[in-house]
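Read off the chains here:
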Amino acid sequence: MEKRLSQLAIALTIIGLLVAIYMTIFAITSNKAMCIGSQDCSVVNASKYSKINIAGLNIPVAVLGVAGYAAILAVLLFEQRTDFLQGNGSLVFFGLSLLGFLFTLYLIFVEVALIKAYCPFCIASQSAMTLIFILSVIRVVRQP
């Protein structure tokens, strides 16, 4: 069962990573043709909430998603290969997914309450991160 949970977590993380990469490309190029199914992703991407100012640089939120999903994927892929992650992988996975989930809740609030636009790619990423967080909770609870 644990192997299945790990495989599912890896699959969801890869899906989230691919969506975040796609949205990063969209954020950089502003190619409206990439908004498949809805033009709301253009509205979300054009909002003041689509970038975060870090050290004077306006970083697209999608780049943070790429970094977060990549970090989670690294933990999942290397937890059986390093001593530190063998003993702490579940907690590191939980911590990273908790951060991602809390940021996801913030982004859902922004979309629903402030922007009032619903990007299908954002919803896909939010769904993936929510499921990843649930899997991380299951792993921590089952940990001996």
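Residue indices begin from 1 for each chain and proceed along its sequence in written order. Only residues with pLDDT of 70 or above have their local features reported here, since the model is predicted, and side-chain atom pairs are shown and tallied only from 80 upward, although totals for entire chains, interfaces and linings are computed over all residues. Excluded from the side-chain calculation are hydrogens and water; included are all heavy atoms of the structure.

## Describing the pairing of strand β1 (residues 51–54)
Defined as follows: We call two strands paired when DSSP finds no fewer than two bridges between them. In this description a helix means any DSSP run of H or I spanning at least four residues, a strand means any run of E spanning at least two, and both kinds are numbered starting from the N terminus.
The pairing of β1 with strand β2 (residues 57–60) spans 4 bridges and is antiparallel. Among the inter-strand pairings, Lys51 is bridged to a residue of β2, identified as Pro60. Counted along the chain from β1 to the antiparallel partner β2, the turn is 2 residues long, and its residue Ala55 has a positive phi close to 55 degrees.

## Re the confidence of the model for the protein chain
Selection criterion: Confidence scores here are pLDDT values: one per residue, from the predictor, ranging 0 to 100.
Confidence in the prediction of the protein chain, expressed as mean pLDDT, is 91, and 99% of residues score 70 or more. Mean pLDDT across the secondary structure elements of the protein chain bottoms out at helix α2 (residues 40–46), with 85, and peaks at helix α3 (residues 61–78), with 96.

## With respect to the layout of surface pockets
Put simply, the rule reads: A pocket here means an open set of points on a 1 Å grid, computed over the protein atoms alone, that has protein on both sides within 12 Å along at least five of seven lines. A cavity is instead a set of points where a 1.4 Å probe fits but cannot get out; residues with an atom within 4 Å of a point line either one. Grid points are joined across faces, edges and corners, and a volume is the space filled by probe spheres set on the points.
Its boundaries defined by the atoms lining it, the largest pocket holds a volume of some 610 Å³. Lining the largest pocket are 34 residues, and of these Val61, Ala62, Gly65, Phe103 and Leu107 sit closest to its centre. Contributing elements (two or more residues each) for the lining of the largest pocket: α1 (2–29), α2, α3, α4 (83–115) and α5 (120–142). Counting residues per element, the lining of the largest pocket draws most heavily on α4, which supplies 9 residues.

## Things to note about the packing of aromatic side chains
Heads up, the condition is: For this analysis, a ring pair means two rings from Phe, Tyr or Trp (six-membered ring only for Trp) whose centres lie within 6.5 Å, classed as stacked if their planes differ by under 30 degrees, edge-to-face if by over 60, and tilted for the remaining angles. Residue burial is assigned from relative accessible area. The probe radius is 1.4 Å, only protein chains are included, and a residue is buried under 20% of its type maximum, exposed over 50%, and partly exposed in between.
Applying the stated criterion to the full structure yields 4 aromatic pairs. Arranged with centres 4.7 Å apart and planes meeting at 35 degrees, the rings of Tyr22 and Phe121 form a pair that is tilted. Placement of Tyr22 in helix α1 and of Phe121 in helix α5 is noted, with a sequence separation of 99 residues between them. Accessibility expressed as a relative area gives 17% for Phe121, which makes it buried. One aromatic cluster is present, formed by Phe94, Phe101 and Phe133 through successive ring pairs.

## Some points on a nonpolar patch on the surface
Threshold: Each patch groups residues whose relative accessible area exceeds 30% and which form no salt bridge, using 9 Å between like charges and 5 Å between nonpolar side chains of Val, Leu, Ile, Met, Phe, Trp and Tyr. The Shrake-Rupley method, run with a 1.4 Å probe, gives the accessible areas here. Residue values count only the displayed protein chains as cover. Salt bridge criterion: a side-chain nitrogen from Lys or Arg within 4 Å of a carboxyl oxygen from Asp or Glu.
The grouping of Leu102, Leu105, Ile108, Val112, Tyr118 and Ile123 at the surface amounts to a nonpolar patch, some 490 Å² of accessible area in total. With 4 residues, the single largest contributor to the nonpolar patch is α4. Here Leu102 is to be found in helix α4.

## So, unusual backbone geometry
Even without being glycine, Ala55 reaches a positive phi, approximately 55 degrees. Looking at where Ala55 falls in the secondary structure, it is placed in the loop between β1 and β2. Accessibility expressed as a relative area gives 78% for Ala55, which makes it exposed. With a phi close to 60 degrees, Lys116 is a non-glycine residue in the positive phi region. Looking at where Lys116 falls in the secondary structure, it is placed in the loop between α4 and α5. Residue class for Lys116 comes out exposed when judged on its relative accessible area of 59%.

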